[in-house]
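This is what each chain is made of:
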Amino acid sequence: MTSVLAFASACHPPETPCAAAILNKVSPTLTVYEPAAALAGCSVVAAGAAVESLLLLLELLSLLLELLSLLLELLSLLLELLSLLLVLVALLLVLVALLLVLVALLLVLVALLELLLELVSLLGLLLESVLDESVLELTLPRGVTL
């Protein structure tokens, strides 16, 4: 940028028309303005400054594209992480569902055990009742009826 400003101040003073920036020749005849010959050295400086500016601009664009590429890669990684987290949440939900099924099966097993204990208790009462009647028949004398 400094080279561009140096060119502007050396070859063309600010707010001065191009023809007015060149001193008139000391001659009795008319001074002719030849821009190509008059600004030959300045045009090389200007071209160099323009090329330098263009190269800097291209380098800046290249860096911006690289930054955009890195941002897209980061976004891709974040989306992949989000998908892995969703899979983990789904697996946790399946695990919770399996635990709920296990708890339900345990409750059914407890209910079945309670029923089995009730059945054993009833069988015990029935057996006790049968044994009591058998004992009564054995101990009563003949001819005594209940």
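Being a predicted model, the structure only gives us computed values, none of them experimental.

The rules behind each value
Residues numbered from 1 in each chain as written. Predicted model: local features only at pLDDT ≥ 70, side-chain atom pairs only at ≥ 80, totals over all residues. Heavy atoms only, no water. Helix = DSSP H or I, 4+ residues; strand = E, 2+ residues; numbered from the N terminus. Buried < 20%, exposed > 50% of the residue type's maximum accessible area, 1.4 Å probe, protein only. Areas by Shrake-Rupley, 256 points an atom, 1.4 Å probe, with all protein chains shown as cover. pLDDT = per-residue confidence, 0-100.

(A) Seen up close, the overall build of the chain. Along the chain, the regular secondary structure elements total 3 helices and 0 strands. Burial statistics for the chain: of 146 residues in total, 2% are counted as buried. Accessible surface, the chain: about 12,700 Å² in total, of which carbon and sulfur atoms supply 78%.

(B) A look at the confidence of the model for the chain. Averaged over all residues, the pLDDT of the chain is 79; the fraction at 70 or higher stands at 60%. Model confidence for the chain, summarised as mean pLDDT per element, is weakest for helix α2 (residues 35-38) at 51 and strongest for helix α3 (residues 40-139) at 90.

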